[in-house]
Amino acid sequence: MNDSGPTTPDADRTPLRGPLAETGTGRRGVERLAAVVERLRRELDAHENAAATRGLLDVAKGILVERGVDGPAGAARHLEELAARAGVPAAELAADIINEAAHDTLARAVPAPQEGAGRTEPPTSVRLRMAEAGALSGTDAQAVAQSLLVHALEPLGATAVAVWQADQDGSLTLAGSAGFPAAEAVRWRYVPPRVGTLAQQTLISGRTLWHGALPSSAVSIGLSGVGDGARALIPARRTSRAVGVLEVCWPEPGAPLSRAVHRQLTGLAELCAHTLEGIGSAASAEPVRADGAAPLDALAEGLLDCALVLRPLLDDQGRVGDFRITYINQHCTDFAGRPRADITGRSLLEAYPLAAAEGGLYERALRVHTTGEPFRTERMVLPAAAESTVPLVTAALGIGRYGDALLVSWRTHNDATRLAALVEHTQRLGRIGGFEETPAIGEVIWNSQLFDLYGLPPDSAPIPLERLRHHAHPDDADVIGRFLREVLHRRRPASTAFRLLRPDGVVRYIRAVAEPAPGWEGGPMTVQGAYQDVSSQHWTEVALAATRDRLADSEQRADERDLLALQLQRAIMPPAPAPIDVSGLQVAVRYRPAEKGHLVGGDWYDAVVLPDQQVLLVVGDIAGHGIDAATGMVVLRNALRGLAVTGAGPGRLLGWLNTVAHRLTEHVTATVICGLYDPATRVVRWARAGHPPPVLVRGARSTVLPLPSGILLGAVAQARYAEETVVLEPGDTLLLYTDGLLERRDRTVNQSLEQLLRDAGPPTGDLEEDLDRLLTHSNSDTDDDTCVIGFRPR
């Protein structure tokens, strides 16, 4: 075998011909078509990235819900708050949370963070988890290959990837690929046994194969298009069985794989194995004719609707430029009324130039061919030929991909068809079934919706009104009797409600309406009416009544919990604490509770002299409100006091406190600033866990201190916190505060921080008055607690 691939013939590369290539209108159509194709490619890339990001965030939200966060919406808000306080993108924090919870191959593939190392954009953890999310959200191996290349492999320098599915006889099927020309992928769609390709060698050896430079005898996909650079081939295993191979291509020769990259590729191969196992054996795929095409002609001929088969026409770059109409079934009438022989063999845009319109048939066909996702619509304008005088018609249209070809089928609409479809659709949405009965001769006619309502097969005998009581609850016999007397004897319109007992044991609440009508041309009376399933409305009313009772009880319990939380908070954090004077350091505190009493927050502070005469300075903010936030505040405040007597620095203290928050509490997360003040040197060492920066007021100038790195407490199991130092001069003021001092709905955090710097200086001689002035000018409107503590050496 040479490097042109297996014997599958090359795709049709016939150049476009016809009116589209000869007229000015045709040139404009081609240019418009090119713009449509490019826009579709951009939309598809954006959609895939957005879907991968959503999948990543959804998994993280699921983990948070499992850990006790209140529902998906609460988990989403919680994740946003965590990311904002940590100062990292939500996707990065989501990846960290998933890795910490999963302990899988992808988690182990993430390299450990290095001290002082620059931050990668995006980090490896995000790339791998987005590749995983994109792969799992896809429906086939093609989506997996595209996701792996975009999110995980291109950052490693790779330019192409192939996902091979192995069969028991040693043959290979190209289940998915990305980065190769479309024609190359078609040529390599199937590899017979014992060919000796690189992928087959990998299956035989059962281990990863690395070729820094390919030998001249190598046989594999893309050697004529992607280049002869480095290649890695990794077995895709499920348990101990290899179900396929992941083949990654680089454009240039390279050095051997590092352990980190090898671990990443192994994890990606496991994703491929998961998808390949869901696809099943390649032997069960659709049979292939000798020319490599799926047998769609016979399938199209067997349809009762109009149908045609389209096969792609590729340009010089291997991209789809048009489709050729290779078959039209016998039932088909051309959109413009032309004979089948005039259409078969022509390109789609040559036969129907108007199909290139935005949102038209060509755009839909290209999307189906690109994504593999079927398209169906109940109403679409069919494109006529440019010279046709036939008026435009609408039809229900469907497009599906089979192998490399498309099957397009449609059914034209007329007024009667549209009206019947509308009535049927309305009845289905309203769960309504109609009937007509002629009691004198025992004739009953039901529509299909009524059989479904009764839980009966469509070939069952309809139930006449006289036997309605036999299918209803016994307690409803009287109301049904009054209903029947009004309709059948007094011949008046009537309605009633009853409980229907279906054969499958399900009880449905039904509303019935009926109206007698004179027979046609003096014939016997007929009764026309309808049944509607109102079970949802009935159970909604029952649920509302029960909810009202539970709501009253819940409100009382909530008030009691809020009162308890408020009492606990005020016991430890009085709103107006007395001034503190310790070790030559003047300390003043102001605490402003949330304006709404039920939003008891978790803001806290502490200033205490340690045994070594250093002063512990702390301000923190527990995520959330209520009793959980108040108890979490008590736990962290007391834990930090106990840890501080060990003499450890603030960075080490926050590391220990993070362990307490993550493992020894009910999923508490918090932001904290922790500092140690040495009275002898007036040096403050401090560290932060996702908290706003301190403000130093020196004379008439106020500045924000540099931010050391540190994630918020409780987000991950292990975290490290950097430290900063600042030397205070006599008369300086150091301000620590919670985010309630900054947050406003009408301005950004940076704008609020600039306003805080203006309000903080110049200081007066009284630290208490300075803090009062600061709170006066910072009117928060976010219903959050506010805590600010000021330190001034004497």
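Colleague: For this particular structure, what's the right way to read empty space enclosed by the protein?
Modeller: A water-sized probe, rolled over the atoms, reveals where empty space remains. A full pass over the atoms with the stated rule returns two cavities of 30 Å³ or more. Size it by volume and the largest cavity reaches roughly 60 Å³. In terms of lining, the largest cavity is formed by Val697, Thr733, Leu735, Asp759, Ala760, Pro763, Asp770, Arg773, Leu774 and Arg792. Across the lining of the largest cavity, the residue classes break down as five nonpolar, one polar and four charged. For the lining of the second largest cavity, the elements supplying multiple residues, two or more each, are strand 21 (670–678), strand 22 (683–689) and strand 26 (733–737).

Colleague: What's the story with the sheet that holds strand 8 (residues 320–328) in this structure? I'm lost.
Modeller: Neighbouring strands of a sheet are bound in pairs by backbone hydrogen bonds; such pairs are parallel or else antiparallel. Read from one edge of the open sheet, five strands run 8-7-11-10-9, paired in antiparallel fashion. The sheet is open, and its two borders are formed by strand 8 and strand 9 (375–381), each paired with just one other strand. Averaged over all pairs of adjacent strands, the angle between their axes in this sheet comes to 30°, without regard to strand direction. Where strand 9 lies against strand 10 (residues 394–402), five bridges are found, and the strand directions are antiparallel. Bridge pairing in strand 10 links Met380 to Ala395.

Colleague: Help me understand the pattern of salt bridges in this model?
Modeller: Pairs may arise between side chains of opposite charge once their charged atoms sit close together. Evaluation of the coordinates by the stated rule reveals 22 salt bridges. Measuring nitrogen to oxygen at the nearest pair gives 2.5 Å for the salt bridge that ties Glu768 to Arg590. With a gap of 178 residues between them, Glu768 in helix 21 (residues 767–777) and Arg590 in strand 18 (residues 585–592) connect regions that are remote in the sequence. We note that Glu768, like Arg590, is buried. Of the charged contacts in the structure, one is a salt bridge between Asp772 and Arg590, with a shortest N-O distance of 2.5 Å. Taken together, the positions of Asp772 in helix 21 and Arg590 in strand 18 put the pair 182 residues apart, joining distant regions of the chain. Judged by relative accessible area, which is 36%, Asp772 ranks as partly exposed. By relative accessible area, which is 15% here, Arg590 ends up buried. One continuous salt-bridge network, built from bridges that share partners, spans Arg431, Arg508 and Asp533.

Colleague: What am I meant to see in the nonpolar core here?
Modeller: The tendency in soluble globular proteins is for nonpolar side chains to be buried side by side. By size, the foremost hydrophobic cluster in this structure holds 33 residues, and its most contacted members are Trp604, Leu616, Ile622, Leu636, Leu640, Leu654 and Leu713. Of all the secondary-structure elements, those providing two or more residues to this core are strand 20 (615–622), helix 18 (627–644), helix 19 (650–663), strand 21 and strand 22. For this core, the element with the highest residue contribution is helix 18, accounting for seven residues. Residues in contact with Leu654, not counting those within four places in the same chain, are Val672, Cys674, Ala687, Arg688, Ala689, Leu713 and Tyr721. Among the nonpolar cores identified, the runner-up in size contains 30 residues, and Leu308, Cys332, Ala355 and Ala365 belong to it.

Colleague: For this particular structure, what's the right way to read helix 20 (residues 749–760)?
Modeller: Here helix 20 is 12 residues long and its end C-alpha atoms lie 16 Å apart, about the 16 Å a rise of 1.5 Å per residue gives. Regarding helix 20, the residues found buried are Ser752, Leu753, Leu756, Asp759 and Ala760. Seen end-on, helix 20 carries its buried residues on one side only, within an arc spanning 120°. In helix 20, the exposed residues that point more than 90 degrees away from the buried face are Asn750 and Arg758. In this structure, the buried side of helix 20 is in contact with strand 23 (695–698), strand 24 (701–704), strand 26 and helix 21.

Colleague: Explanation requested: helix 8 (residues 198–205) in the structure shown.
Modeller: Structurally, the α-helix is built with 3.6 residues per turn, so residues lying three or four positions apart point the same way. Among the residues of helix 8, Leu198, Ala199, Gln200 and Thr202 are the ones counted as buried. Residues of helix 8 that are buried make contact with strand 1 (160–166), strand 2 (172–178), strand 3 (190–191), strand 4 (209–211), strand 5 (231–238) and strand 6 (241–249). Gly206, located one to two residues past helix 8, shows a positive phi value of around 75°.

Colleague: For this particular structure, what's the right way to read the packing of aromatic side chains?
Modeller: In this description, an aromatic ring pair is defined by two values, namely the gap between the centres and the angle between the planes. If you walk through the whole model with that rule in mind, you get nine aromatic pairs. Both rings, one in Phe435 and one in Tyr531, keep their centres 5.3 Å apart while their planes meet at 35°; by these two values the pair is tilted. Taken as a pair, Phe435 in strand 12 (residues 432–438) and Tyr531 in strand 16 (residues 526–533) lie far apart in primary sequence, 96 residues in all. Of the two residues examined, Phe435 and Tyr531, each falls in the buried class. Ring centres of Trp446 and Tyr454 lie 4.8 Å apart, and the angle between their planes is 40°; on these two criteria the pair is classed as tilted.

Colleague: Looking at this structure, I do not really get the packing of helix 18 against helix 19. What am I missing?
Modeller: Axis angle and axis distance: for two packed helices, these are the angle between their axes and the distance between the axes, and together they describe the pair. It is at 10 Å that the axes of helix 18 and helix 19 come closest, and there the two elements cross at 140°. Compared by their axis directions, helix 18 and helix 19 come out oblique. For helix 18 against helix 19, the interelement crossing comes out right-handed. Contacts between helix 18 and helix 19 pair Val635, Leu636, Ala639, Leu640, Leu643 and Ala644 from the former with Leu653, Trp656, Leu657, Val660 and Ala661 from the latter.

Colleague: What exactly am I supposed to notice about the sheet that holds strand 21 here?
Modeller: Strand order across the open sheet formed by five strands is 19-20-21-22-25, with antiparallel pairing between neighbours. If you trace the sheet from one side to the other, it starts and ends with strand 19 (602–609) and strand 25 (723–727), each paired once. With direction set aside, neighbouring strand axes in the sheet form an average angle of 15°. Note: strand 22 against strand 25, five bridges, orientation antiparallel. In the strand pairing of strand 25, Trp686 is matched with Glu724. In this fold helix 18 packs onto strand 19, strand 20 and strand 21, with an angle of close to 20° to the strand it touches most, strand 19.

Colleague: Which parts of the structure should I look at to understand the pairing of strand 12?
Modeller: Moving residue by residue along a regular strand, the side chains alternate between the two faces of the sheet. Summarising burial for strand 12: five of the seven residues are buried, a large majority. Across six bridges, strand 12 lies against strand 16 in antiparallel orientation. Bridged to Ile432 within strand 16 is Gln532. Two strands pair when backbone bridges link them, and strand 12 and strand 13 (residues 443–446) are joined in this way by four bridges, in the antiparallel orientation. Across the sheet, the residue bridging to Thr438 is Glu443, located in strand 13. Where strand 12 folds back on strand 13, the antiparallel hairpin that results is connected by four residues, among which Gly442 adopts a positive phi of roughly 70°.

Thresholds applied
- Residues numbered from 1 in each chain as written.
- Predicted model: local features only at pLDDT ≥ 70, side-chain atom pairs only at ≥ 80, totals over all residues.
- Heavy atoms only, no water.
- 1 Å grid on protein atoms, 1.4 Å probe; cavity = no way out; pocket = protein on both sides within 12 Å on 5 of 7 lines; lining within 4 Å.
- Points joined across faces, edges and corners; volume = space filled by probe spheres on them.
- Nonpolar A, V, L, I, M, F, W, Y, C, P; charged D, E, K, R; others polar.
- Helix = DSSP H or I, 4+ residues; strand = E, 2+ residues; numbered from the N terminus.
- Pairing = 2+ DSSP bridges.
- Axes fitted to C-alpha atoms, helices over the stretch in contact; angles between N-to-C directions.
- Salt bridge = Lys/Arg side-chain N within 4 Å of Asp/Glu carboxyl O.
- Buried < 20%, exposed > 50% of the residue type's maximum accessible area, 1.4 Å probe, protein only.
- Core = buried A, V, L, I, M, F, W, Y, C linked by side-chain atoms within 4.5 Å.
- Contact = heavy atoms within 4.5 Å.
- Expected span 1.5 Å × (residues − 1).
- Arc of directions from axis to C-beta.
- Phe/Tyr/Trp six-rings, centres within 6.5 Å; stacked < 30°, edge-to-face > 60°.
- Parallel < 35°, antiparallel > 145°, perpendicular 65-115°, else oblique.
- Left-handed = near helix turned anticlockwise from the far one by under 90°.

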